[in-house]
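Topology and contacts: notes
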Amino acid sequence: MSVGRGLPVRSTMVSVVALRGSGAATHMLVARRAGAYLDGAWSYFAGHVEAGETGWQAALRELREETALVPQSFWATSFCEQVYLAAADAIEIVPAFVARVAEGVQVRLNGEHSAFRWVTLDEAAALLPFGSQRELLAHVRREFVEREPSPFLRLVLD
């Protein structure tokens, strides 16, 4: 019996969901992708971890680079998306983070996105193209909107 090589499992990316407001008035920032990768798809924000970064540092950097937002509070979610990447023939584990931002903040997109919208969580669920994204959104709704998140998940920003 021969044993196959299996699929590599890696974790080189992070994602971050930006929220403003509270309770039923919570809105999520979504942006429309521009460029070759997922062009036209609405999503939250994600990117690769760079050398010397922790996962949470990468998520915070990606949020700032892609939106110019600086969160009032920043949280690990204890949720990881699992995605099969055909081009790499690998399974990517993507830890997710939540950024709480102030009402009225100015969003400045970089070239990775062509548009943004603040939407309700129901609207976000309708816009997100992948089931794993909607699962993350359901987790965020349960653990960060419908209840106070565990203080153990809060990340202290320098």
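Located above this text is the structure these notes cover.
Here's what I pulled together on the structure shown here. Keep in mind that this is a model prediction, so the values were computed, not measured. (Residues numbered from 1 in each chain as written. Predicted model: local features only at pLDDT ≥ 70, side-chain atom pairs only at ≥ 80, totals over all residues. Heavy atoms only, no water.)

**Here's the deal with the packing of aromatic side chains**
Heads up, the condition is: For Phe, Tyr and Trp, rings pair up if their centres lie within 6.5 Å, where Trp contributes its six-membered ring, and each pair is then called stacked (planes under 30 degrees apart), edge-to-face (over 60) or tilted (otherwise). Helix and strand assignments follow DSSP, with helices taken as H or I runs no shorter than four residues and strands as E runs no shorter than two, numbered in order from the N terminus. Accessible area is worked out with a 1.4 Å probe on protein chains only. A residue is then buried under 20% of its type maximum, exposed over 50%, and partly exposed in between.
Under the criterion given, the structure shown has two aromatic pairs. Measuring from ring centre to ring centre gives 5.8 Å for Phe74 and Phe97, while their planes differ by 0 degrees; the resulting arrangement is stacked. On the criterion of sequence distance, the pair formed by Phe74 in strand β6 (residues 73-85) and Phe97 in strand β7 (residues 90-100) is long-range, its members being 23 residues apart. Of the two residues, Phe74 and Phe97, neither departs from the other in class, the shared state being buried. Measuring from centroid to centroid gives 6.2 Å for Trp75 and Phe144, while their planes differ by 75 degrees, and the two rings are edge-to-face.

**Overview of the pattern of salt bridges**
This is how it is decided: Only one rule defines a salt bridge in this text: a Lys or Arg side-chain nitrogen within 4 Å of an Asp or Glu carboxyl oxygen.
Summed over all chains, the structure comprises nine salt bridges. Among the salt bridges present, the one from Arg61 reaches Glu65, with a minimum N-O distance of 3.2 Å. Here Glu65 and Arg61 lie together in helix α1 (residues 55-67), a separation of four residues that amounts to about one turn. Residue classification places Arg61 among the buried residues on the basis of a relative accessible area of 14%. Note on Glu65: relative accessible area 38%, which makes it partly exposed. A salt bridge links Glu143 to Arg147; its shortest N-O distance comes to 3.8 Å. We classify Glu143 as partly exposed; its relative accessible area is 25%.

**A word on the layout of surface pockets**
It is a probe the size of a water molecule, rolled over the atoms, that shows where empty space is left. What counts here: Cavities and pockets were defined on a 1 Å grid built over protein atoms only: a cavity is a set of grid points that admits a 1.4 Å probe from which the probe cannot escape, a pocket is an open set flanked by protein on both sides within 12 Å along at least five of seven lines, and lining residues are those with an atom within 4 Å of any such point. Grid points are joined across faces, edges and corners, and a volume is the space filled by probe spheres set on the points. Just so you know the grouping, Ala, Val, Leu, Ile, Met, Phe, Trp, Tyr, Cys and Pro go in nonpolar, Asp, Glu, Lys and Arg go in charged, and all remaining residues, Gly too, go in polar.
The computed volume of the largest pocket comes to approximately 580 Å³. In this structure, the largest pocket is lined by 26 residues; those nearest its centre are Met13, Tyr37, Leu38, Ala46 and Gln133. Residue assignment for the lining of the largest pocket shows that the elements contributing at least two residues are β2 (13-20), β5 (45-48), α1, β6, β7 and α3 (131-145). Split by residue class, the lining of the largest pocket holds twelve nonpolar, seven polar and seven charged.

**Some words on α3**
Which entries qualify depends on this criterion: Here, expected helix span is obtained from the residue count minus one, scaled by 1.5 Å. Each C-beta atom gives one direction from the helix axis, and the arc is the one those directions make. Only heavy atoms enter the contact rule, under which two residues are in contact if any of them lie within 4.5 Å.
The terminal C-alpha atoms of α3 lie 20 Å apart, and with 15 residues this matches the ideal 21 Å at 1.5 Å per residue to within 8%. Taken together, the buried positions of α3 are Ser132, Gln133, Leu136, Leu137, His139, Val140, Phe144 and Val145. In an axial view of α3, the angular spread of the buried residues amounts to 165 degrees, which keeps them on one side of the axis. Looking at the buried positions of α3, the neighbouring elements they touch are β2, β3 (27-33), β4 (42-43), β6, β7 and α2 (121-127).

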